[in-house]
Amino acid sequence: MAALFCAEGPDPAAAGSLSVGVGPGPQPATVEVCVSGEIVSESAGFLRETLLTALTSHRSTLLLNLERVTACDASGLEVLLAARHAALRAGRRLRITAASRSVGRLLQLTDTRYLLT
């Protein structure tokens, strides 16, 4: 997937073990964000900046594919919820289309699945 970061986007060096791809979504007026690796405190800032850049760069629904996320801690959940809030403020949607077992478990334990799917 080709990245669509704008010039003022996040610094890839801050990603740590996280890989994020942003590109056209499968439906019209959607942008797909594919994330793989660990969404933990060390990489959460990078993901936050990437999602906010995607929100401000595209007037579309953000579809998050988190199927290849191997770990997600509380800082990762905070990023997802903050990005959802930013999307709502901008009149857009953000939803998870696929989640790994670890992400699914975190959403279940925190009763936040309904906010992001």
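All of the points below concern the structure found in this document. (Residues numbered from 1 in each chain as written. Predicted model: local features only at pLDDT ≥ 70, side-chain atom pairs only at ≥ 80, totals over all residues. Heavy atoms only, no water.)

This next bit is on the nonpolar core. Core analysis: the largest hydrophobic core is formed by 30 residues, its most contacted members being Val20, Val33, Val35, Ile39, Leu47, Leu64 and Leu66. Broken down by secondary-structure element, the contributors of at least two residues to this core are strand 1 (19-24), strand 2 (30-39), helix 1 (41-57), strand 3 (61-72), helix 2 (74-89), strand 4 (94-99) and helix 3 (101-109). Other than its neighbours up to four places away in sequence, Leu66 contacts Val35, Ile39, Leu80, Ile96, Ala98, Ala99, Ser100 and Val103. (Core = buried A, V, L, I, M, F, W, Y, C linked by side-chain atoms within 4.5 Å. Buried < 20%, exposed > 50% of the residue type's maximum accessible area, 1.4 Å probe, protein only. Helix = DSSP H or I, 4+ residues; strand = E, 2+ residues; numbered from the N terminus. Contact = heavy atoms within 4.5 Å.)

We now examine the pattern of salt bridges. Using the criterion set out here, one finds 1 salt bridge in the structure. Close ionic contact of Glu78 with Arg48 constitutes a salt bridge, the shortest N to O distance being 2.3 Å. Here Arg48 lies in helix 1 and Glu78 lies in helix 2, a separation of 30 residues in the sequence. (Salt bridge = Lys/Arg side-chain N within 4 Å of Asp/Glu carboxyl O.)

In this model, helix 1 (17 residues) spans 25 Å end to end at C-alpha, consistent with the 24 Å of a helix rising 1.5 Å per residue. Every buried residue of helix 1 is accounted for by Ser43, Ala44, Phe46, Leu47, Thr50, Leu51, Thr53, Ala54 and Leu55. Where helix 1 is buried, its residues contact strand 1, strand 2, strand 3 and helix 2. (Expected span 1.5 Å × (residues − 1).)

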